[in-house]
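# A closer look at the structure
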Amino acid sequence: MKKTLKTSGLTLLGLSISLFTGLANAAIPSELKLDYAYYAPTSLVVKEQKLLEKALPKTKIKWVFSQGSNRSLEYLNSGSTDFASTAGLAAVLSRANRSPIKTVYIQSQPEWTALVVNKDSNIKSLKDLKGKKIAATKGTDPFLFILQALDTIGLGKRDVELVHLQHPDGKTALERKQVDAWAGLDPLMASAQAQSGAKLLYRNVSFNSYSVLSVKDQFAKSSPEAIEAVIRAYEQARKWAKANPDKLAELLAREAKLPIEVAKLQLSRTNLDQNIPTTKHTGALQKAGRILTEEELVRKGTNVNQVVTQLFDARYAKKVVTK
């Protein structure tokens with residue numbers, strides 16, 4: 001009888017281990033969908049070097065191109081992607097407006113947006129923008145950047161004429177003088193500087209929110225191993241990018257069809273010493289989030305500080321990242 005009980009116990013233990021292993025493997029879906037973007041250079045590295053395909057050979061990896069944070073979040077919320085590369089403040093805005101997303105990784109701290117004018121523009125300061133046409137892509141970092149910039153001199157969105165255009169169209173509108181200024185985004189902004197002599201009217205690194213990677217709440221609950229695998233791949237890409245700046249510039253130039261000097265200009269403004277979400281990141285976004293409330297970009301009564309706290313989840317990156 002004792003032998004039978006012992007054998008039965010071992011059998012049950014084996015079944016438990018097998019079941020646990022099966023559940024763990026099942027946590028990584030048969031297909032993972034991610035976006036890539038020229039404003040998120042490490043996403044290009046992950047895609048080009050097939051880091052996820054190598055790490056997850058049994059999983060189909062699908063890549064979707066994003067023109068800006070607004071498109072990236074649309075893809076995430078519609079289920080077209082499982083991971084979204086966006087600006088931090090755009091992710092805050094999305095969650096504040098009831099999109100159930102989690103930010104799980106910091107890709108970089110870029111200075112990817114500034115206020116841009118043509119080389120022969122007579123606009124010399126932010127005050128000169130009153131009553132002027134400014135192109136910006138709603139719901140993205142450049143859009144929120146212009147609101148914060150105007151706020152520094154006591155102006156709001158009603159004191160200017162915001163023209164809602166996708167980033168490439170904003171650049172074109174500026175060059176054709178259909179607008180007076182453009183809330184630019186790299187690499188388009190760097191391209192305008194290098195190719196048409198466009199000038200950066202106003203810069204402020206602290207008004208550029210971090211480049212982040214986000215997922216939906218439900219995905220985070222059901223597929224934690226997938227999140228860890230993706231973060232691990234992004235960490236590989238980040239370390240490679242830091243060690244190979246010239247090759248990273250060549251990759252960006254090739255993918256975005258840019259002159260190499262434009263790619264290098266963009267990357268010179270990108271700090272890759274980021275990864276785990278910390279209180280530094282939440283604090284910066286909470287400070288910037290005041291604009292979301294004042295400009296009525298979130299529902300009345302929304303506690304933006306609480307939204308930011310709920311948005312960031314550092315558990316996955318902490319588990320994966322090694323210094």
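- If you look the protein chain up in an unreviewed UniProt entry, it shows as Putative aliphatic sulfonates-binding protein from Acinetobacter variabilis.
- Regarding the protein chain, the UniProt comment filed under Function (unreviewed entry) reads as follows: "Part of a binding-protein-dependent transport system for aliphatic sulfonates. Putative binding protein."
- Here the protein chain is described in UniProt, under the heading Subcellular location (unreviewed entry), as follows: "Periplasm".

## A few points about the pattern of salt bridges
- The full count for this structure, using the stated rule, is 16 salt bridges.
- For Glu31, the salt bridge is made with Lys60, and the minimal N-O distance between the two is 3.8 Å. Taken together, the residues span a long stretch of sequence, with Glu31 in strand β1 (residues 31-36) and Lys60 in strand β2 (residues 60-65) at a distance of 29 residues.
- Assessed through its relative accessible area of 27%, Glu31 is described here as partly exposed.
- Taken together, the salt bridges that share partners define one network made up of Asp151, Arg290 and Glu294.

## Some details on the nonpolar core
- Membership of the largest hydrophobic core comes to 52 residues, with the highest contact counts inside it found for Val92, Leu115, Leu129, Ile134, Ile146 and Leu292.
- For this core, the element with the highest residue contribution is helix α6 (residues 141-151), accounting for 7 residues.
- In terms of domain composition, this core takes at least three residues from each of domain 1 (31-109 + 210-322) and domain 2 (113-207).
- Look past the residues within four positions of Leu115 in its chain and what remains in contact with it is Leu126, Leu129, Ile134, Phe145, Ile146, Ala149, Trp182, Ala183, Lys199, Leu200, Leu201 and Tyr202.
- With 45 residues, the next largest nonpolar core counts Phe83, Ala220, Ile231 and Leu272 among its residues.

## Points about the sheet that holds strand β11 (residues 270-271)
- Here we have 4 strands laid out as an open sheet, ordered β3-β10-β4-β11, and antiparallel in their pairing. A single partner strand is all that each edge strand has here, and the edge strands are β3 (84-87) and β11.
- Pairing geometry for β3 and strand β10 (residues 211-216), over 4 bridges, is antiparallel. Each residue of the ladder has a partner; that of Thr86, found in β10, is Val212.

## Let's talk about the packing of aromatic side chains
- In total, this model carries 8 aromatic pairs according to the counting rule given.
- Plain terms: the ring middles of Tyr38 and Phe65 are 4.8 Å apart, the flat faces sit at 45° to each other, and that makes the pair tilted. Highlighted residues: Tyr38 in the loop between β1 and α2 (41-48) and Phe65 in strand β2, separated in sequence by 27 residues.
- Judged by relative accessible area, which is 23%, Tyr38 ranks as partly exposed.
- When the centroid spacing of 5.3 Å and the interplanar angle of 80° are considered together, the rings of Phe83 and Phe219 count as edge-to-face. Of this pair, Phe83 sits in the loop between α4 (69-78) and β3 while Phe219 is found in helix α9 (residues 217-222), placing the two residues 136 residues apart along the sequence.

What counts as what
- Residues numbered from 1 in each chain as written.
- Predicted model: local features only at pLDDT ≥ 70, side-chain atom pairs only at ≥ 80, totals over all residues.
- Heavy atoms only, no water.
- UniProt positions renumbered as here; feature names shortened; annotations may be inferred.
- Salt bridge = Lys/Arg side-chain N within 4 Å of Asp/Glu carboxyl O.
- Helix = DSSP H or I, 4+ residues; strand = E, 2+ residues; numbered from the N terminus.
- Buried < 20%, exposed > 50% of the residue type's maximum accessible area, 1.4 Å probe, protein only.
- Core = buried A, V, L, I, M, F, W, Y, C linked by side-chain atoms within 4.5 Å.
- Domains from an automatic or database assignment.
- Contact = heavy atoms within 4.5 Å.
- Pairing = 2+ DSSP bridges.
- Phe/Tyr/Trp six-rings, centres within 6.5 Å; stacked < 30°, edge-to-face > 60°.

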